[in-house]
Amino acid sequence: MAQNVHVADSRPLETTNRPDEWKIEQGLHGAKIPFLDQSGDVTVEVLPREWPKEWKDEEAIKAVGNRDELFAAERDGWKGYVEWEMYPEKKAKAHKILTSQNFPPNPEFQLGPIPGTNPVLPGTHWKMWHAAIGGELTTVADDSWATVLREKHPEMLHLLQFPYNGEPPKRLTTAKPITPNNLHFVRNHGGIPIIDEEKFSFDVDGLVNEPRKFTMRDLMDESRFPRVKKIITMQCSGTRRIEQIGLYAGQGDEVPQAPWAEGAIGTAEYVGVSLKKVIKACGGLKDGAKHLEFYGADTYFKDNEVMNYVVSVPWSKVKANEVLLCWEMNGERLPAIHGFPLRVMVMGYIGARGVKWLYRVKAIENPSLAPVQSKEYLYFNQQVGKHNQRPTDGIQIQEMPVSSAIMSPWQTQVVIHTGKINCKGWAYSGGGRWPERVELSADGGFSWYAVPLENLSSKGRWRWRTWEMDLPCDVEGWIEIVCRTWDNSLNTQPLSVRAAWNWGLHVTSSAHRVKVYSINKKKPLTARKLELFQKTGSPLAPITWPEEFVTQGWDEYKRFWAEHEPRDVDD
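Residues numbered from 1 in each chain as written. Predicted model: local features only at pLDDT ≥ 70, side-chain atom pairs only at ≥ 80, totals over all residues. Heavy atoms only, no water.

The chain has the name Sulfite oxidase in an unreviewed UniProt entry, where Hortaea werneckii EXF-2000 is given as its organism. Under the Cofactor (unreviewed entry) heading, UniProt states for the chain: "Mo-molybdopterin". (UniProt positions renumbered as here; feature names shortened; annotations may be inferred.)

Shown next, in the form of structure tokens:
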């Protein structure tokens with residue numbers, strides 16, 4: 001029988017490693033690893049892109065015209081707002097400016113280390129794009145950051161400096177069933193316009209019978225529009241995205257795919273009017289109108305195109321009185337960062353539909369073709385990615401599924417306890433459903449304990465429930481605490497992150513898992529050992545630090561083997 005004989009290759013081996021070779025080989029620097037193209041007869045390495053030097057066609061940009069005049073303030077009393085949707089020629093000039101230069105690459109935060117800073121990501125491209133357009137956008141990035149520092153709690157975690165994306169730290173996320181304004185998460189898609197309420201108005205047009213303009217005084221006139229007060233939970237579809245990133249990298253734009261943790265959710269009491277009543281004041285909709293399109297005053301960028309932030313919701317949602325135009329949040333006028341003077345709140349939908357700084361509502365036939373609606377916030381099949389994705393392959397995300405999160409203890413935290421681990425968190429379900437039961441497991445999901453009903457905050461169609469429970473735990477060492485929720489329709493969460501992973505890294509609705517190191521003081525040996533740590537002053541934290549005292553003396557060691565069978569047998 002013929003044998004395959006390996007013939008030694010006489011070529012000399014390459015022996016020079018890069019300093020970070022080990023990290024690269026272990027996948028810790030995945031952005032530096034070449035693709036392997038095995039589709040041909042010979043495997044070919046496709047190297048990561050070498051980014052070209054920065055260039056700028058100054059003459060082409062100058063030929064566009066005076067940016068201060070082209071992109072000047074649109075309305076008196078509105079700072080940071082440029083109207084793009086009504087002026088295609090203005091969009092074309094902005095496009096020319098952006099394509100007449102190049103910009104540095106996005107920071108890599110999925111196949112490389114996430115920066116240990118706060119803000120985590122700076123929003124480099126967005127700052128440069130706003131500066132490149134100039135005019136009314138020149139100072140938007142700085143003005144927006146000043147608003148963040150003025151209106152938000154000093155403990156906020158700034159995931160993205162501009163456009164601002166921020167969430168509260170875990171210990172404060174569920175400290176109260178109603179989230180204080182300065183701790184409510186923020187997911188902005190552009191800068192923060194500063195608008196004088198006395199000079200504010202918004203238009204309702206499109207397929208309505210009587211297009212009209214409304215001021216805040218019009219909306220607040222209770223003889224015309226009955227006021228609505230609702231407690232509403234708003235959740236970003238990127239909540240808990242960090243778990244998907246930690247499993248598999250996905251779409252890597254720092255703005256749409258900011259590395260959210262569990263705090264991109266918040267609950268507040270809003271005051272406003274039903275959009276349905278406003279549409280009625282416009283004589284109702286014309287035949288064929290099935291969607292309402294919302295326009296925000298912030299500037300958005302997509303594929304070198306400039307636009308206002310635009311999305312839509314179906315008329316059926318509005319007709320059910322589940323879409324509000326709001327001016328009050330937790331008993332105060334809306335903060336600027338949350339949309340002052342007027343924003344949309346779409347109950348049970350993703351936060352992306354809740355347009356801030358609303359200046360127009362347009363009745364249309366079909367869902368909006370604006371990129372945020374048609375090309376983003378899409379839920380793809382797991383086999384869809386950069387190599388084959390088409391927007392029409394994704395499901396447009398509207399209602400949020402049932403979800404939950406453990407806010408205490410934290411991932412890889414050590415917990416010293418006496419047989420029960422105190423856990424806290426939140427649970428939520430969109431579409432008007434509510435959490436009916438919250439369950440915890442200390443063994444990775446094999447056995448479950450229900451959170452006592454008295455430890456859950458009150459029910460509501462549009463709100464979360466915060467919870468707390470002392471979870472029984474007898475075992476020691478590394479354990480996995482898991483949380484899942486059942487809503488009133490008996491929907492629950494898939495048990496693995498893999499089941500939720502998608503290219504856009506949206507809607508991490510899987511059961512939340514936290515690895516914890518359990519130290520149970522009810523165990524006699526553990527109690528004695530902990531006393532030794534205290535007595536000797538040997539550091540207990542971090543858990544990986546070896547103890548600095550003798551665990552067993554030789555006399556005790558020898559006595560053990562004298563009383564028990566030897567380590568090895570003679571026969």
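A count of helices and strands for the chain gives 14 helices and 27 strands. Principal-axis analysis of the C-alpha atoms places the extent of the chain at approximately 100 × 70 × 55 Å. Buried residues in the chain amount to 48% of all 571 residues. Intrachain contacts of the chain at a sequence separation of at least 6 include 71% that bridge at least 24 residues. In the form shown here, the chain has an accessible surface area of approximately 28,900 Å², with 52% of it arising from carbon and sulfur atoms. In the chain, the 70 positive side-chain charges and the 73 negative ones have mean positions that sit 6 Å from each other. (Helix = DSSP H or I, 4+ residues; strand = E, 2+ residues; numbered from the N terminus. Buried < 20%, exposed > 50% of the residue type's maximum accessible area, 1.4 Å probe, protein only. Contact = heavy atoms within 4.5 Å. Areas by Shrake-Rupley, 256 points an atom, 1.4 Å probe, with all protein chains shown as cover. Lys, Arg positive; Asp, Glu negative; His and termini not counted. Charge placed at Lys NZ, Arg CZ, Asp CG, Glu CD.)

Moving on, we get to the nonpolar core. Core analysis: the largest hydrophobic core is formed by 116 residues, its most contacted members being Ile133, Phe202, Leu275 and Phe294. When residues of this core are assigned to domains, at least three map to each of domain 1 (58–396) and domain 2 (402–520). Those residues within four positions of Leu275 in sequence are excluded, and the remaining contacts are Leu292, Phe294, Val318, Val323, Leu324, Leu325 and Val361. (Core = buried A, V, L, I, M, F, W, Y, C linked by side-chain atoms within 4.5 Å. Domains from an automatic or database assignment.)

Right, let's talk about the packing of helix α4 (residues 88–99) against helix α5 (residues 124–133) for a bit. Packing of α4 against α5 brings their axes to within 10 Å, and their N-to-C directions diverge by 120 degrees. Here α4 lies oblique to α5, going by the angle between them. Considering the relative orientation of α4 and α5, their crossing is right-handed. Facing Ala94, Ile97 and Leu98 of α4, the residues of α5 in contact are Trp129, Ala132 and Ile133. (Axes fitted to C-alpha atoms, helices over the stretch in contact; angles between N-to-C directions. Parallel < 35°, antiparallel > 145°, perpendicular 65-115°, else oblique. Left-handed = near helix turned anticlockwise from the far one by under 90°.)

The next thing to look at is helix α6 (residues 140–151). Note on helix geometry: an α-helix contains 3.6 residues per turn, so any two residues three or four positions apart are oriented the same way. The terminal C-alpha atoms of α6 lie 16 Å apart, and with 12 residues this matches the ideal 16 Å at 1.5 Å per residue to within 8%. Those residues of α6 not exposed but buried are Val140, Ala141, Ser144, Trp145, Thr147 and Val148. Mapping the buried residues of α6 onto a view down its axis gives an arc of 155 degrees, with all of them on the same face. For α6, the exposed residues set more than 90 degrees away from the buried face come down to Asp142, Leu149 and Arg150. In this structure, the buried side of α6 is in contact with α5, β4 (157–160) and β7 (194–195). (Expected span 1.5 Å × (residues − 1). Arc of directions from axis to C-beta.)

A word on the domain arrangement of the chain. When cut into domains, the chain gives domain 1 (58–396), domain 2 (402–520) and domain 3 (524–563). Between the C-alpha centres of domain 1 and domain 2 there is a distance of 30 Å. On the domain 2 side, the residues contacting the 42 residues of domain 1 number 33 residues. Between domain 1 and domain 2, the buried area comes to about 3,700 Å², and carbon and sulfur atoms account for 59% of it. The interface formed by domain 1 and domain 2 includes one salt bridge. The salt bridge partner of Arg461 is Glu322, with a shortest N-O separation of 3.9 Å. Across the domain 1-domain 2 interface, the total number found is 23 residue pairs in polar contact (both at pLDDT 80 or more). Secondary structure elements with two or more residues in the side of domain 1 that touches domain 2: α7 (170–173), β10 (228–235), α9 (241–247), β11 (265–274) and β18 (378–379). For the side of domain 1 that touches domain 2, the per-class residue count stands at 14 nonpolar, 18 polar and 10 charged. (Buried area = accessible area lost by both parts, 1.4 Å probe. Salt bridge = Lys/Arg side-chain N within 4 Å of Asp/Glu carboxyl O. Polar contact = N/O pair within 3.5 Å; in protein donor to acceptor, adjacent residues only side chain to side chain. Nonpolar A, V, L, I, M, F, W, Y, C, P; charged D, E, K, R; others polar.)

What follows covers the packing of aromatic side chains. Applying the stated rule across the entire model yields 22 aromatic pairs. Ring geometry for Tyr81 versus Tyr359: centroids 5.2 Å apart, planes at 55 degrees, classification tilted. Pair noted here: Tyr81 is in the loop between β3 (78–79) and α4 and Tyr359 is in strand β17 (residues 358–364), with a separation of 278 residues, a long-range link. As far as burial versus exposure is concerned, Tyr81 and Tyr359 are alike and both buried. (Phe/Tyr/Trp six-rings, centres within 6.5 Å; stacked < 30°, edge-to-face > 60°.)

Take helix α13 (residues 524–536) next. For α13, spanning 13 residues, the distance from its first C-alpha to its last is 19 Å, which sits close to the expected 18 Å at 1.5 Å a residue. Within α13 the residues assigned to the buried category are Thr526, Leu530 and Phe533. The buried residues of α13 occupy an angular sector of 50 degrees when projected down its axis, which confines them to one face. Opposite the packed face of α13, turned more than 90 degrees from it, sit the exposed residues Pro524, Leu525, Arg528, Glu531 and Lys535. Gly537 occupies a position one or two residues after α13 and carries a positive phi of about 75 degrees.

The positions UniProt marks with the feature "domain: Moybdenum cofactor oxidoreductase dimerisation" (unreviewed entry) are residues 396–517. In residues 396–517, the share of helix is 0% and the share of strand is 45%. The end C-alpha atoms are 39 Å apart.

Residue position: His512 is located in strand β27 (residues 512–520). A distance of 3.3 Å separates a polar atom in the side chain of His512 from a polar atom in the side chain of Glu262. His512 has contacts with Arg240, Glu243, Glu262, Ser404, Ala405, Ile406, Ile481, Val482, Cys483 and Gln493, leaving out every residue within four places of it along the chain.

If you walk across this open sheet you meet the three strands as β4-β5-β6, and the pairing is antiparallel. The open sheet terminates on both sides in strands that have one partner only, identified here as β4 and β6 (186–187). As paired strands, strand β5 (residues 165–167) and β6 are joined by two bridges and run antiparallel to one another. Across the sheet, residue Gly166 finds its bridge partner in β6, namely Val186. (Pairing = 2+ DSSP bridges.)

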